[in-house]
Amino acid sequence: MTKRIAQVIVGLPVEGPFDYSIGNELSGRIAVGQRVCVPFNRRNRLGMVVGFKKTSPFKELKPVLSILDKDPSLGDQTLALTRAIADHYGCSWGEAVETYLPEALRHTRAVNEYTFASKPMTSQKTASPACTLVIDETQKERWVYLQQRIKGVLEKGGGVIFLVPEAALTAFVINQFKHIQPAGVVLDGKTSSKDALLRWHDIRDGKIRFVVGPRSAIFAPVKNLALIVVYDEENRSYKQEQTPHYHAREVALMRAKIEGCEVLFVSSAPTAELWHLISRKGMTKVALKAKEMCPVQVVDMSNYNPRRSFILSIPLQHEMEKTLQNGGKTLLFMNRRGFFTRTHCNQCGFTLRCERCDANMTYLYSKKKMVCRHCQAENNLPKVCPQCQGSYLRSTGRGGEKLESEVARVYPQAVVGRYDKDTGALPAKFDILIATQAVLRFKEDLSVDLVGFVQFDAELSHLDFRSAQRLFTLITQLRQCARGKMVIQTRMPDNYVLLSVKKNSYTAFYRQELNLRKEVSLPPYAYLVSVCLRGRKEDVVFQQAHDIFERLTKNKPASVAVGDPRPDVLPKLRDQYRYLIEVKGKSLEKIMHYVKNVLKDFRRKHNTIITLDVDP
Ligand SMILES: [Zn+2]
Ligand SMILES: [Zn+2]
C-alpha cells in the first residue's frame, strides 16, 4: 500500500495528531515512530509519525518535508508510554515525546551518521506491575540487598534502570556495583553532546544494560527492561517542575505495566502514596534487619521565650556539652539560611521584600548582601528605609549564620562549622555543625553523635498537605546520621509525627497520615489537578482565575470537586503573579476530560500562562 497521509504530533501544547501529505519520494521509507521535519505555524518543526490514514477531512495538506531517522526512534512501547504520560499529566502527546527523547534528538537536524540497528519492540503487557519496597532504618544493609538483586537480573540478560534523586549521587551508586558486570553507566538527560547521543543509542541497542541517572533516566531506552530501582523514593526531586509535571515514581509504574518489569523502591521513610500502594495485595515489603535507631528526646518549648534567651534549650545544651566532653560531634538542624530572615523599618513598618517575588529578603553575613531565597536576587542592605528615608531599619529572625555565631560564642572551645547549599563542601573538621536540609546529600556518609532539631514547628506548613510526611522523613533521615541521641525542640509535643517517632512506629505514622488524607480526599485517595495561572499583571491573572472557576463550577459533574481560586504558595515569583484552582476527584480520566473541555474554549488573555499540575 502506498502511504499517502501521515499522522504527526509536535512538541507543543496542542492536541494532535495532525495530517500531512507524503510525497512519492518519502512514501517507501516513512514509518511509525520516525522523527520527521514538518511545517507547523509557518515554521519548520520536529514532528513524530504516530500513524497513517487513507483520507483526511482537510483538503489542502502540507507535506512532510523530510525524514530524520533511517529507522524509527520510538518503538511501540515508547509510543504507548508517552501516550499514557500525556493522558495522565495533561500535556500533549508531542510534549511527552520531547520529554522522552534525549536533548540531541529534539531538533530537526538529521542524525544519519548513527545507525539505528534495533527494530521497535512490539510486545504489550498489561498486568499490574510487581512492586517491592525496601525499607531500612540504617542504610548500610540496603546495598548488599541491591547488589544481589541487580546481579541476578543482569546475569539473566535483563536490563536495569537505577534512579537517583540527584545527579551528584550517580558516582556513589556506580561505585557500589563496581564488582558487578556489566558496569553501570550514567545517563544524565541534561547533556546534549554527541557522546550522550551515542550512549543513548548504545542503550537502545542493548550494548548498555545497566543505567544509573536522575529523574529523566526513567526514559532510558533500555532493552529487555527487567528492573527499575527508585532510590530514596521520598525525595521531592522525582517530581519535574516544568510541564509535563511528571513524577518518576508514577512513570516507573506506567512503564513497568507496559514492559512487564518490576519496580523496586528503596527508602528509609517512603511517601504515604507508596506506603498505600505497597499495603495492597501482592506487593512486597522488605524490612531489612537494622540496628535500633537512636533514642529521641522531645523538648517542649511552650514555656520558653527564645527572644529573651538562647534558642537552644537547657536539655539540648546539656547533651551538647556531654557530647563535646566525650570528643563527639553534634549536628544542629536549622532549615534557614542566612543571618537575619527579616529586615523592617521601626518607624513606618516597611519590610524589605524582593521586588520580583514579594518575599522577605534574607541577610547573608557571608556575602554582606540581602538575597531572595526564591529567585537568588541580591541587593545591598540599604542605609536608610526606602519608604520613609528614616534610619530605623532593624533586622530580626534567625538563620543558620546567626545560630553559628551564637553557638561559637557559647562554646568557644568547639570547632563550629556550617553547611547549606551555598557553602560548597562539607567542613572537614567540626565539633558542632549547623546545617540545612542540603546536608542530607551526604547522608550516606554523615555520622555524628548528637542531632539537635532546632525548630520542628517551622517545618510544618498548613499550605502543604505533605509537610507532616516530609517532616517524618526528615526526622528519620537525620536520626540515621545520629549514633547517640536526637533532641527535637517544639511547641507541639503532641503532634502525631513526634508521637510516632517517639514510639518508633512507622505503622502508627502512616496509619494516621493516610486516615487524615482519606478524610479530606487527598492523594493517594484522590487525584488533585491544579489549574495554574501566571502572568505579569495581577488583576488580569486574578480575573482569569475567577473566569475559569466560574466555568468549572457551572455544569460540574458530581464526581469532581472544584476549590476556590487562590494565590499559589508563592503568590509572586520572578515577576509573575500565580493563582491556582484545585480540581479533585477519584477518576483522573473524568477530571482531565472535564478540565480540558473547559479550558478548550476559554479565551486566555495575552501573557497569561495556564498549565496543569497533576498530583500524583
Ligand atoms: Zn520606614
Ligand atoms: Zn526573588
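What this report covers is the structure whose coordinates are included nearby.

Thresholds applied
- Residues numbered from 1 in each chain as written.
- Chains lettered and ligands numbered in written order.
- Predicted model: local features only at pLDDT ≥ 70, side-chain atom pairs only at ≥ 80, totals over all residues.
- Heavy atoms only, no water.
- Donors = N, O, S within 2.8 Å, 3.2 Å for Na, K, Ca; no water.
- Tetrahedral: all angles 85-135°; square planar, octahedral: opposite > 155°, others 65-115°.
- Helix = DSSP H or I, 4+ residues; strand = E, 2+ residues; numbered from the N terminus.
- Buried < 20%, exposed > 50% of the residue type's maximum accessible area, 1.4 Å probe, protein only.
- Pairing = 2+ DSSP bridges.
- Axes fitted to C-alpha atoms, helices over the stretch in contact; angles between N-to-C directions.
- Contact = heavy atoms within 4.5 Å.

**Comments concerning the coordination of the zinc ion (ligand 2)**
For the zinc ion (ligand 2), every protein donor is listed as Cys-354 (SG), Cys-357 (SG), Cys-372 (SG) and Cys-375 (SG), and the spread of their distances is 2.3 to 2.4 Å. For the zinc ion (ligand 2), the four donor atoms are set out with angles of 106 to 112° between them, so the coordination reads as tetrahedral. Here the donor residues of the zinc ion (ligand 2) are spaced in sequence according to C-x2-C-x14-C-x2-C. In this pair, Cys-357 is assigned in the loop between strand S15 (342–345) and strand S16 (362–364) and Cys-372 in the loop between strand S17 (369–371) and strand S18 (378–379), connecting sequence segments 15 residues apart. Here the two residues Cys-357 and Cys-372 agree in accessibility, since each one is buried.

**A closer look at the sheet that holds strand S21 (residues 432–435)**
The six strands are arranged S13-S23-S22-S14-S21-S20 in an open sheet whose pairing can be described as parallel. Since the sheet does not close on itself, it has two edges, and those belong to strand S13 (296–300) and strand S20 (416–419), each with one partner. Averaged over all pairs of adjacent strands, the angle between strand axes in this sheet comes to 20°, irrespective of strand direction. The pairing of strand S14 (residues 330–333) with S21 spans four bridges and is parallel. Note that in S21 the partner of Leu-331 across the bridge is Leu-433. Across the sheet, helix H9 (residues 314–325) is in contact with S13, S14, S21, strand S22 (448–453) and strand S23 (482–490); its angle to S22 comes to roughly 165°. Against the sheet, helix H10 (residues 400–410) engages S14, S20 and S21, with an angle of about 170° to S20.

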